[in-house]
Amino acid sequence: MKAIKVGSTIQNIARRLRESMLHVKFFASVRERVGRSQMDLPWSEGMTVTAALQAVEEASGVTLHGQHLLAARNQHHVTFAEPLADGDEVAFFPPVTGG
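Note that the structure is predicted; figures quoted are calculated from it, not measured. (Residues numbered from 1 in each chain as written. Predicted model: local features only at pLDDT ≥ 70, side-chain atom pairs only at ≥ 80, totals over all residues. Heavy atoms only, no water.)

Visitor: Tell me about the sheet that holds strand 5 (residues 89–93), residues and numbers included.
Guide: Pairing is mixed in the open sheet, where five strands are placed in the order 2-1-5-3-4. Bordering the open sheet on either side are strand 2 (38–42) and strand 4 (76–78), each of which pairs with just one other strand. Neighbour-to-neighbour, the strand axes of this sheet turn through a mean angle of 30°, independent of strand direction. Taken together, the four bridges between strand 3 (residues 70–73) and strand 5 define a ladder with antiparallel strand orientation. Opposite Ala71, over in strand 5, you have Phe92 as the bridge partner. In this fold helix 3 (residues 49–60) packs onto strand 1 (21–26), strand 2, strand 3, strand 4 and strand 5, with an angle of close to 110° to the strand it touches most, strand 2. (Pairing = 2+ DSSP bridges. Helix = DSSP H or I, 4+ residues; strand = E, 2+ residues; numbered from the N terminus. Axes fitted to C-alpha atoms, helices over the stretch in contact; angles between N-to-C directions. Contact = heavy atoms within 4.5 Å.)

Here is the structure:
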């Protein structure tokens, strides 16, 4: 029978779980609607910004699609068709105007 190192196995599982997550941030009116400034979501292969937004809506119970939203992936503006990788940071925010 092979001995299992429980501590290292748990650490490996925890590391994989952390790596298979998206870190989502919300700004301005989006933060107010969602009721929080950030959340972590599970990442899956082929996930896009649109899929992340849908997961946020399911988790928060708030409808955001159809609103005037912009998105960023790892602090770079992207379209909602942008593919995501595990560990990415995704941000949703309203268009900003100045004057």
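Visitor: Break down the pairing of strand 3 for me, with residues and values.
Guide: Direction of pairing for strand 3 relative to strand 4: antiparallel, over a ladder of three bridges. Paired with Arg73 across the bridge in strand 4 is His76. Taking the residues between adjacent antiparallel strands as the criterion, strand 3 and strand 4 are bridged by two residues, where Asn74 takes a positive phi near 50°.

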